[in-house]
Amino acid sequence: MQKVHPLWQSPLTIPGGTRQSPINIQWRDSVYDPFLKPLKISYDPTTCLHIWNNGYSFLVEFDDSTDRSIIVGGPLENQYRLKQFHFHWGAINDWGSEHTVDSKFYPAELHLVHWNAVEYPSFEEAVMEGNGLAVIGVFLKLGARHEGLQTLVDALPAVKHKDTVIEFDVFDPSCLLPSCPDYWTYAGSLTTPPLTESVTWIIKKKPIEVDEDQLEAFRMLLFTSDGEEEKRMVDNFRPLQPLMDRTVRSSFQ
Ligand SMILES: Cc1cc(C)[n+](CCc2c[nH]cn2)c(C)c1
Ligand SMILES: [Zn+2]
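In this convention, every chain numbers its residues from 1, walking through the sequence in written order. Whichever chain is written first is A, and whichever ligand is written first is 1; the rest continue in order. Restriction of local features to residues with pLDDT of at least 70 applies here, the model being predicted, together with a cutoff of 80 or more for giving and counting side-chain atom pairs; totals for whole chains, interfaces and linings are based on all residues. Side-chain measures here rest on the full set of heavy atoms in the structure, leaving out hydrogens and waters.

Visitor: For this particular structure, what's the right way to read the pattern of salt bridges?
Guide: When the charged atoms of two side chains lie near each other, side chains of opposite charge can form a pair. Salt bridges, as used here, are contacts in which a Lys or Arg side-chain nitrogen is within 4 Å of a carboxyl oxygen on Asp or Glu. By the definition in use, this model includes 9 salt bridges. Across the salt bridge formed by R145 and E147, the nearest N and O atoms sit 2.9 Å from each other. By relative accessible area, E147 is classed as exposed at 51%. A salt bridge links E212 to R219; the shortest N-O distance between them is 3.3 Å. To sort residues, take the accessible area from a 1.4 Å probe on protein chains only and compare it with the maximum for the residue type: under 20% means buried, over 50% means exposed, and anything in between is partly exposed. For R219, a relative accessible area of 3% corresponds to the buried category. Salt bridges sharing common partners tie together D44, D63 and R68.

Visitor: Could you clarify how one ought to interpret helix α4 (residues 212-219) in this entry?
Guide: Within an α-helix, residues lying three or four positions from one another point in the same direction, as the helix has 3.6 residues per turn. Residues of α4 that are buried include every one of Q214, L215, A217, F218 and R219, and no others. Contact criterion: two residues are considered in contact whenever any of their non-hydrogen atoms come within 4.5 Å of each other. Each helix is a run of DSSP H or I of at least 4 residues and each strand a run of E of at least 2, with the numbering of both proceeding from the N terminus. Against the buried residues of α4 lie β5 (58-62), β7 (80-89), β9 (108-115), β10 (133-142), α3 (147-153) and β14 (208-210). One side-chain oxygen at the N-terminal end of α4 lies 3.2 Å from the backbone nitrogen of D213; it belongs to D211. N or O atoms closer than or at 3.5 Å make up a polar contact, with two conditions inside protein: a donor-capable atom paired with an acceptor-capable one, and, for residues adjacent in sequence, both atoms drawn from side chains.

Visitor: Can you walk me through the site of ligand 1 in this structure?
Guide: Ligand 1 sits among Y56, H86, H88, H111, V113, F123, V127, L190, T191, T192, P193 and P194. A distance of 3.0 Å separates a nitrogen atom of ligand 1 from a polar atom in the side chain of H86. Those elements that place two or more of their residues in the shell around ligand 1 are β7 and β9. Under the convention adopted here, Pro, Cys and the residues Ala, Val, Leu, Ile, Met, Phe, Trp and Tyr are nonpolar, Asp, Glu, Lys and Arg are charged, and Gly plus all remaining residues are polar. Among the residues making up the shell around ligand 1, the classes are represented as 7 nonpolar, 5 polar and no charged. Only a single heavy atom is needed: when it lies within 4 Å of a molecule or strand, its residue is near that molecule or strand.

Okay, here's the thing in structure tokens:
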């Protein structure tokens, strides 16, 4: 019986990979960089399109045909367009995040995926380039109910099975960001195939709070399609990868 979801059976380390993700962020080893700018985020809620269960997470996808939802500043040379956001989570609250801080796991982690539309003609091409993607990572911790997340949670039963989609036409993902501007940043990769080393990671220092029912709603999703033997969508995070010759910079002292 295949316990591990096929996606994580793929090579957990790619041969020759020198900047793989996720990593453990050792707070005391991160280096304050005074030249890091504040990250500027401007999302247009009407660019939201739909929610899709793609069999490894649920993605909220955006219309990225214009520069209406972008991030700029921080460690980034250009502005990057929002393509989608999704989450990684565990079967129980003791683990679930992809990155760790001082070896601590959070119960879940949000990824907001953006691509460099200034230098590349498409998302698919940006995925293959060293400065092609910028992903904002936000940790989720157990606490108060998150009202902004609830509108998303209410739609999840409609995408219970792999390859189901539901229209979701107004949502402002900036409601999922902590108010604290502090972040870490490092050069890394996608954490699922194609595992390309094309991501500038921007990991927010402060988590957002969600409640148990909201985490349980994530865990009710399925990796499997309708009619297949049900496999709960949980533990969809990649194991930690070696830091190798990288420094994690912080925007704060
Ligand atoms: C072409 C492409 C494929 C995939 C699975 N992803 C998501 C990989 C991922 C999820 N969380 C971190 N990396 C991206 C961003 C691009
Ligand atoms: Zn992710």
